[in-house]
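A structural walkthrough
Given next are the chains, with one letter for each unit.
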Amino acid sequence: MGSASKTPNYQELCAKFVRDIHGELPSRIFEYLCNYGASSVERIGANLSMSHKERNSSIAILYQLNLLYYWADPDTRSPTIYYEANHEAAYNLIRKGKIVNVVAQEYGNEAGRFLETLATFGHARIRDLAKTFIREDCTPNGGLHVHEKSNGNGDVLMENGYDGDEDPHLEEESIGEKFNSMVADLLCADVLELCSINTFKSPRKLRASIEKQVIKSKYNGVKPKGSKGQEQFLGYVREELEEVRNQPRVLKEQLLRRLGNARRDKFENKKTKTENGTGVTSYLTWEEIDPSAVVRINYFKTNVLLRNTALVKHASNNLGYVKGQVYAVALRIMEKNIERCHPDPYFHMVAPNELGKTIRDLNLPPVTTLEIVSELPEDLDVSMGIGRAPKNMVNKRRAERVRPNPRKERLPYIDKREIEESSGEDVDDDEYQDDQDIDLPDFDARGDDNGKVNLNGDSDVKFVPRRVGLDSKVYEDPRLQNTREHLLGLSEASQHYIRHSGEEEGGEWVVDFAPLISKIQKFEMDLYIKDKFSRRGVRLVNILRQFGKLDEKALASKALMLKKDVSTLLNDMMVNGLAEIQEVPKDNNRQANRTIFLWFFDDDRARAQLLSKQYKIMTRLQQVLDVERHKNREILELYNRSDVRGREEEMLHPNTIKKYGVFQKRSRALLTQMMRLDEVISIFRDY
Amino acid sequence: MPLVSRASSASTTIPDDKIEVWSDALYHRIREEPQGTWLSQEDLMRVGIVSDVKHLMLVINKLYSGFFLRARKDAANQMQWTWRKEEEAKKFSLIPNREYLSMYDIIESAGNQGIWARSIRWRGNMTENMVKQGLKWLENKGLISEFKSVEQPNKKMYILSSLRPSERATGGPWYTNGELDEGLVNGMQKIVYKCIKDRSTYFSKGGSSSGGMASDQGAPSEKKGRKQPTKGTMRGSPRGIKRTAAEANINSEKSIQKMTIPRFGGPRQGPQIMGMETGYTAYPTALEITQFISNAKVTEDPLTQSDIQDITNMLEWEGQIEPIRLAKGRIGYEVTVPDRIPATTNPEDENDEVLGIAQEPQISHSAEMPCGTCLVSEQCEPGSKVSPEKCKYYADWLDVI
């Protein structure tokens, strides 16, 4: 997250969340740290007029939840400890429910509930978590029931047992086993991470101190000069950073080493199925995990899960339910290899040959159609959702095109054809050279052995796709063919949800996240503009995106709109921080009639504006919720009384119950709205 | 012009009838050149009617005074001439005085771009009153006419009555009397969108196993009270639109695989309009849409491909359609997010909204709530005049929800 997002609105919002969930005192400290930056305990206490006890307990709460970072200079004896606010963690407070949901969907309800417990604690020892969790669950309707112990096939079903047939008295040992297996699962999926000595240190200071340390140890305290020296220096720093980055994954690596074989033979080995049955695979059996290890939720990884959900939702909306489901499976297989959505600004340093790339573009291993088919839910009918057209209107070769490299970014404001003509080379190869196809039988520049094309005139071309690495029987399986068709549909859509990168095992697929997310961001931005300024606003913005800067007259003639409508709309958009204007005086006298006014639209600025606005709206929603609570405080107090709880209907007046119902409905509406806004914020900022 | 006066001094030695014959001959020879070709003195000598420069001067002078020639100076300050039609020359002879004559000449030289009244004044070095009277006289005689240019809508522009203003000045088919015809633009937008939608999507009934193209059930019928654009030259309604052979081919039911929505329940159970399979090549191109529109005779004046391109560009900028590159550099179009467009079970019942640009259910979350549309949200702070505590909009919104 860039510093641009730490606007006053964002800080206010974060402080509001802290106040809402953890109360007044911690939020005052958090707010103070937001406003004044890193501060020592003494200064916090003095400025906020808090007693030692209040101050220390509040800091302990914030520290426990990682809502603040600390820093103590290692070079000083008895150093002062400074604290600074961790905005991301504060913002994540509101996402807790979403994260729990998405983890529950993928790793089972138990994992979801476990994560909920962990989120409440912030970070905790596995042993303590186990105690809390197992104690909670040893109730008759608790969750951790061993529904079916290892049978002949070695299948273990993990289910939230509400059927009442279960034996409520479970052996604690087997519960412990299940618990460990679940934790191991989550650790291997990177959803949990190990807390290390550096976890709570200020990342900014930590990075600086690592650099300082390298200078001290390798260069005797003198920073190297010259490009070569600098490169070498950065190399050392990179190594150190790599180590810091890997610390939270030490436990995972230990586990993987122990379970290496189990993971390797994933198709034969034990499977743990979750109750939603959507094919979440976990191949870990019970293993001893270091119970004294301290773990916490890895919010960066959960963001990856949330991103997948958002992408699937988008694809389903655009291309239909079946394609969405196929996409969900592909993304789920892919997510194992994705550490986080964005590179860590402090600890991820790319090597010089990777400069300009982000972690999102680094090579991820592709998923194959076979893998996807094997993971597809069995009740999904993949023959649905394909709009078959007459054969002479379909160009299979175009559809099956393999793109080993990501599509090239388009240059703004320039017509691609112009470049192509002037440079004589193919700029956008996939777009323009694509389609000589019907006339060209030689689609075998890529060394195809099996593909055959019969040319019976221009219109009727029979295409037999390549079958690398598969015998024809497997290939002709209709389920595989239909899945391929859906995947090709996902890749052909204008968003290019997926890329057909190879032909092995029925087709290899990768996702280019960076361009995909930016397309979705553009879609969201257009949606916002459409709702606020009508379709005509979208029209103007897209013209400005395409042509850069234009004056009103040119805009009006391109958009086929009246000039007065154009200026009204643009002025409206300017007030809202979307469109912007540049004045170009024709001469030294800066008179309005001797000045050209050029309109332009800057996506990044508009996005920052929109985000800041969203933060403010969220704060207001939270405040309206506070107002509602304040209005209904007497009813809420009644409901909170221990003698009333559980017996509301007999003890309270029907009017009170009715009022409470209205309050609940309203607060639910407000919270739902916040969740929706969070979806937009995530798309613009986190994915 | 000096050339003319010098020539007249030499006329003493040559008989007038000879000059007359030469003039006629020269005029007829140069008329073989296309109109508007500028000829220099050397070019006229080369024609071979007159061999002496002095005689040529006399001949030119004769033609010029009879208004059969127009003169100008080129970049090197050399004289050039071009011929004028006889009927045009006759019009000149009707004009009583030199000022009006030069005004008429200036307007003629502006061609089909027309000229601003004030520019005539500057060029002719005349008083405002004189120009006013002259223009009035010329207009009354039907020699010139006033028109509105799209580029300079506030300026009074004049053009020869015999000419039609250029497309640049009139703005093309989307402008009527220099003003944008929004009714026409919107109407065409709907027709083009419908045309693209029919050819780039298929209609899925959802739940049942029958299916077909969106347009499978034929063109929607006209309804009572259907809104026609208030202005413009729209003729007929989408009822009269006939599909081309290619489209009819796509629509044959046998060729479309029957489609249902998954029984276990996707996010949408009902009928919907969905995109075609991968590699589909029959997405309509601008040329095909133009042919379709011209066959359907939607407008009185035929629209060109570039006019239709204006509309497709507009739809593309609005995010309603997307370009798809087809074989041999052709660009086809498909509608975006087709399944968001609410479709009814029977396409014949489609209302105007579905026919044209539907109101999509997809909305931006921040625009749907009070803060997103509040005009005073900038001033909103807790405790101030506009504050979340006193917000009336929220009270209403929460009541409705």
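This text goes with the structure placed above it.
Now for a description of the structure that goes with this document.

Calculation notes
Residues numbered from 1 in each chain as written. Chains lettered and ligands numbered in written order. Predicted model: local features only at pLDDT ≥ 70, side-chain atom pairs only at ≥ 80, totals over all residues. Heavy atoms only, no water. Helix = DSSP H or I, 4+ residues; strand = E, 2+ residues; numbered from the N terminus. Buried < 20%, exposed > 50% of the residue type's maximum accessible area, 1.4 Å probe, protein only. Contact = heavy atoms within 4.5 Å. Areas by Shrake-Rupley, 256 points an atom, 1.4 Å probe, with all protein chains shown as cover. Pairing = 2+ DSSP bridges. Axes fitted to C-alpha atoms, helices over the stretch in contact; angles between N-to-C directions. Core = buried A, V, L, I, M, F, W, Y, C linked by side-chain atoms within 4.5 Å. Phe/Tyr/Trp six-rings, centres within 6.5 Å; stacked < 30°, edge-to-face > 60°. Lys NZ or Arg CZ within 6 Å of the ring centre and 35° of its normal. Salt bridge = Lys/Arg side-chain N within 4 Å of Asp/Glu carboxyl O.

1. Looking at the overall build of chain B
What chain B contains, in helices and strands, is 16 helices and 13 strands. In chain B, buried positions account for 46% of the 401 residues. Look at the contacts in chain B between residues 6 or more apart in sequence, and 60% of them connect residues 24 or more apart. Accessible surface computed for chain B: about 20,700 Å², of which carbon and sulfur atoms make up 49%.

2. Comments concerning the sheet that holds strand β1 (residues 39–40) of chain B
All names here are of chain B. Strand order in the open sheet made by the three strands is β1-β3-β2, with antiparallel pairing throughout. Every other strand in the sheet has two partners, leaving β1 and β2 (69–73) as the edge strands with one partner each. Where β2 lies against strand β3 (residues 79–83), five bridges are found, and the strand directions are antiparallel. Paired with K73 across the strands is M79, a residue of β3. Sheet strands touched by helix α4 (residues 53–65): β2 and β3. Its angle to β2, the strand with the most contacts, is close to 115°.

3. Details of the sheet that holds strand β7 (residues 192–194) of chain A
All names here are of chain A. If you walk across this open sheet you meet the three strands as β4-β9-β7, and the pairing is antiparallel. Strand pairing shows two members of the sheet lacking a second neighbour, β4 (123–125) and β7, which therefore form its edges. For this sheet, the mean angle separating the axes of adjacent strands, direction not counted, is 35°. Examined bridge by bridge, β7 and strand β9 (residues 294–297) share three bridges and lie antiparallel to one another.

4. Here's the deal with the nonpolar core
Residue and element names in this part refer to chain A. By size, the foremost hydrophobic cluster in this structure holds 73 residues, and its most contacted members are F30 and I529. The residues contacting F30, other than those within four sequence positions of it, are C14, A15, V18, L62, L67, A85, N86, H87 and A90. Listed in part, the 70 residues of the second largest apolar core include V103, L129, F133 and L305.

5. Quick notes on the packing of aromatic side chains
Here the structure, examined in full by the defined rule, presents 20 aromatic pairs over all chains. The interplanar angle of 90° and the centroid separation of 4.9 Å between the aromatic rings of B:Y280 and B:Y283 together place this pair among those described as edge-to-face. Pair check on accessibility: B:Y280 and B:Y283 agree, each one buried. A network of ring pairs unites the aromatic residues A:Y10, A:F17, A:Y91 and A:Y615 as a single cluster. Cation over ring: A:R685 sits above A:Y91, and NZ or CZ is 4.4 Å from the ring centre. Of note, B:R84 hangs over the ring of B:F92, and the distance from its end group to the ring centre comes to 3.8 Å.

6. Some points on the environment of B:L163
Among the secondary structure elements, B:L163 is positioned in the loop between β6 (157–160) and α9 (167–170). Setting aside residues up to four positions removed in sequence, B:L163 forms contacts with B:G111 and B:N112.

7. A few points about the pattern of salt bridges
Opposite charge on two side chains lets them pair, provided their charged atoms get close. Summed over the entire model, instances satisfying the criterion amount to 46 salt bridges over all chains. For A:K98, the salt bridge goes to A:D678, with nearest N and O atoms at 2.7 Å. In this pair, A:K98 sits in helix α5 (residues 87–107) while A:D678 sits in helix α27 (residues 654–686), placing the two residues 580 residues apart along the sequence. Like A:D678, A:K98 is buried. A salt bridge links A:R536 to B:E182, with the nearest nitrogen and oxygen atoms 2.7 Å apart. Residue A:R536 is located in helix α21 (residues 513–547), and its partner B:E182 is located in helix α10 (residues 182–200); the two belong to separate chains. Assessed through its relative accessible area of 22%, A:R536 is described here as partly exposed. For B:E182, a relative accessible area of 21% corresponds to the partly exposed category. Through salt bridges with shared partners, a single network forms among A:R95, A:K98, A:D678, A:R685 and A:D686.

Keep in mind these numbers describe shape, not what the thing actually does.
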